[in-house]
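Here is what each chain is made of, one letter per residue.
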Amino acid sequence: MSKQDKAYYEEMWAGLGVDVPIHDQLIRGLAVLERRLHRKQNNRPEKIDYFNGVLSDLHGHRIAEMVDHKNQGGKVVGSYCVFIPEDLVLAAGAIHVGLCAGSSFPVQDAEKVLPRNTCPLIKSSFGYKLIKACPYTEASDLIVGETTCDGKKKMFEVLADYHPTYVIEVPQKKNERNQGLFAAELTDFKEQLEELTGNQITPENLKKATAKVENKFKALQRLFRLRQANPAPISGLDVLTITQIGFQDDVERFTRQVNELCDELAVRVQDGIGVAHKGASRVLISGSPMSLPNWRLHSMIEKAGAVVVCEESCIGTRLFSYLSNPAGASLEEQLAGIAKRHLSINCACFTPNQGRVEDVLRMAKEYQVDGVIHYTLQFCHTFNNEGVKMEQALEEAGIPLLRVEADYSDDDSGQLKTRVEAFLELLEEKKEKF
Ligand code: BJ8
């Protein structure tokens, strides 16, 4: 970044209410991490350059686009969960952004307000607001929460004292009645967005917005399908980062870039070019979401010579696997289609949630995995408890499983690394036997 850019950006961040010196520390830490993890990888596809560029300018160009939009009277809507339909926000003429929640940076400050024994994702998201270090949060005219897990639900009540907040009720079951309830919630949310933006959501603009969002989903589906090849044409760390970037980038630009990357990866697959050799162990990670910059587990696995080929996560398959397929053209039918799309997501906050176990069993075959790592964020009771069912199912299917629980600090890195390496050795031994 040139000195001129830096001065321009600093003025822009300050204008949003960001604490610039604190933010500077955050950005420097991120740059170090990216150099240490992403840049050290070998044999990356050329089209990864676009995503490298986004990562190194994470709070620059995209925030400038949002500020321009706001200066023209537009609004920005932030959220922390895949249950907030991006297409409704776009149809109201607003920008949607997935907010920062994956770093330990603001956790200590968050613990001055929230209980320590809270999931790090919740503490991180709240902490960013508290210390005003995230320009995406500060640019958001409205933060939209959801009633998924109890920790988040209660955090949003506290957050409302610091930032305009609106909470969508997500049902806990998935039957038809619950789909109707969620469609009614989305109708209320639509009205809220109309009030915020002064724009009306019509069947026409919602249809266009849904097409944009679902084209992004289709591009990500394509990217993940390419990872089913052996050798895998791209690292898990790169795909995780791309998926994370998709929560912040402009939807059409991101979709185009993912498709261009997929074109290159398709050639790699044809030519048998991979990021690791053909016999490298293939790992599926399933569980709590890994928000940017939660790259530790992927990096550990891939530095040890294995490759992550799929994430059954909201920063992974749960985000993009379902499309709305509205049965008709009216707004009501479109909202029903969107409600159904979201209630197809197998988040551990639902009960029962057998679909997630079935997904993992199916994906283990599709992605030719040698083992599964069940990842739970510390104090995430929903995913941790669901790990019991997952363990039983994978044992019955003869698929090796490692359950790990971690927070965002580096304190347990040594222990985690030892466990991961032992698991990968076990996978190697198992392959040698057969
Ligand atoms: S749809 S997974 S993004 S709620 S905050 S549940 S880690 S204790 S994030 Fe989630 Fe939506 Fe579900 Fe996906 Fe656990 Fe932490 Fe709760 Fe969390």
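For the structure itself, look to the data block above.
Note that the coordinates shown come from a computational prediction; the quantities given were computed from them, not determined experimentally.

It is worth spelling out the packing of helix H17 (residues 354-366) against helix H18 (residues 381-397) at this point. It is at 10 Å that the axes of H17 and H18 come closest, and there the two elements cross at 45 degrees. It follows from the interaxial angle that H17 and H18 lie oblique. As for how H17 packs across H18, the hand of that crossing is right-handed. Here H17 contributes Arg-356, Val-357, Val-360 and Leu-361 to the contact with H18, which in turn contributes Phe-383, Glu-386, Lys-389, Met-390, Ala-393, Leu-394 and Ala-397. A per-class count over the contact of H17 with H18 returns eight nonpolar, no polar and three charged.

Moving on, we come to the packing of helix H7 (residues 120-131) against helix H9 (residues 150-159). Between H7 and H9, the shortest axis-to-axis distance is 10 Å and the interhelical angle comes to 10 degrees. If you check the angle between H7 and H9, you find them roughly parallel. Together, Leu-121, Ile-122, Ser-125, Phe-126 and Lys-129 of H7 and Gly-151, Lys-152, Met-155, Val-158 and Leu-159 of H9 make up the contact between the two elements. Residues that form the contact of H7 with H9 fall into these classes: six nonpolar, two polar and two charged.

Per the stated rule, a full pass over the model turns up 34 salt bridges. Across the salt bridge formed by Arg-341 and Glu-214, the nearest N and O atoms sit 2.7 Å from each other. With Arg-341 in helix H16 (residues 331-343) and Glu-214 in helix H11 (residues 203-226), this residue pair connects regions lying 127 residues apart in the sequence. Pair check on accessibility: Arg-341 and Glu-214 agree, each one buried.

Turning next to the environment of Gly-398. Considering the arrangement of structural elements, one finds Gly-398 in the loop between H18 and strand E8 (401-406). Sequence separation between Gly-398 and Gly-371 is 27 residues; the distance between their C-alpha atoms is 9.6 Å.

Right, let's get into the sheet that holds strand E2 (residues 95-98). Ordered by their spatial adjacency, four strands build an open sheet running E2-E1-E3-E4, and the pairing between neighbours is parallel. Here the strands that pair on one side only, and so sit at the sheet edges, are E2 and strand E4 (165-168). Neighbour-to-neighbour, the strand axes of the sheet open up by a mean angle of 30 degrees, direction not taken into account. Pairing geometry for strand E3 (residues 142-146) and E4, over four bridges, is parallel. Bridge assignment links Ile-143 to a residue of E4, and that residue is Thr-165.

In the vicinity of the ligand, 18 residues are found, and the nearest of them are Cys-81, Cys-119, Cys-149, Cys-314 and Cys-380. Contributions of two or more residues to the shell around the ligand are made by H7 and H18. Within the shell around the ligand, the residues separate by chemical class into 14 nonpolar, two polar and two charged.

In terms of residue burial, E3 counts as a mostly covered element, since five of its five residues are buried. Alternating residues of E3 divide into Leu-142, Val-144 and Glu-146 and Ile-143 and Gly-145, and every residue in both groups is buried. Inspection of the sheet shows strand E1 (residues 76-79) paired to E3 by three bridges, in the parallel sense. Of the residues in E3, the one forming a bridge with Gly-78 is Ile-143. Once you follow E3 into H9 and on to E4, the crossover reads as right-handed.

Attention now moves to the packing of aromatic side chains. Counted by the stated rule, this structure contains 10 aromatic pairs. Aromatic pair Tyr-8 and Tyr-9: ring centres 5.9 Å apart, planes at 45 degrees, arrangement tilted. Seen from their ring centres, Phe-126 and Tyr-162 are 5.4 Å apart, and the 90 degrees between their planes marks the pair as edge-to-face. Residue Phe-126 is found in helix H7, and its partner Tyr-162 is found in the loop between H9 and E4; the two are separated by 36 residues along the sequence. Taken together, the ring pairs in this structure connect Tyr-8, Tyr-9 and Trp-13 into an aromatic cluster. Across from the ring centre of Phe-350, 4.7 Å away, lies the NZ or CZ of Lys-174, which sits over that ring. Just above the ring of Phe-224 sits the side chain of Arg-227; from NZ or CZ to the centre is 4.7 Å.

Rules and cut-offs
- Residues numbered from 1 in each chain as written.
- Predicted model: local features only at pLDDT ≥ 70, side-chain atom pairs only at ≥ 80, totals over all residues.
- Heavy atoms only, no water.
- Axes fitted to C-alpha atoms, helices over the stretch in contact; angles between N-to-C directions.
- Helix = DSSP H or I, 4+ residues; strand = E, 2+ residues; numbered from the N terminus.
- Parallel < 35°, antiparallel > 145°, perpendicular 65-115°, else oblique.
- Left-handed = near helix turned anticlockwise from the far one by under 90°.
- Contact = heavy atoms within 4.5 Å.
- Nonpolar A, V, L, I, M, F, W, Y, C, P; charged D, E, K, R; others polar.
- Salt bridge = Lys/Arg side-chain N within 4 Å of Asp/Glu carboxyl O.
- Buried < 20%, exposed > 50% of the residue type's maximum accessible area, 1.4 Å probe, protein only.
- Pairing = 2+ DSSP bridges.
- Near = heavy atom within 4 Å.
- Right-handed = clockwise from strand over helix to strand, strands pointing away.
- Phe/Tyr/Trp six-rings, centres within 6.5 Å; stacked < 30°, edge-to-face > 60°.
- Lys NZ or Arg CZ within 6 Å of the ring centre and 35° of its normal.

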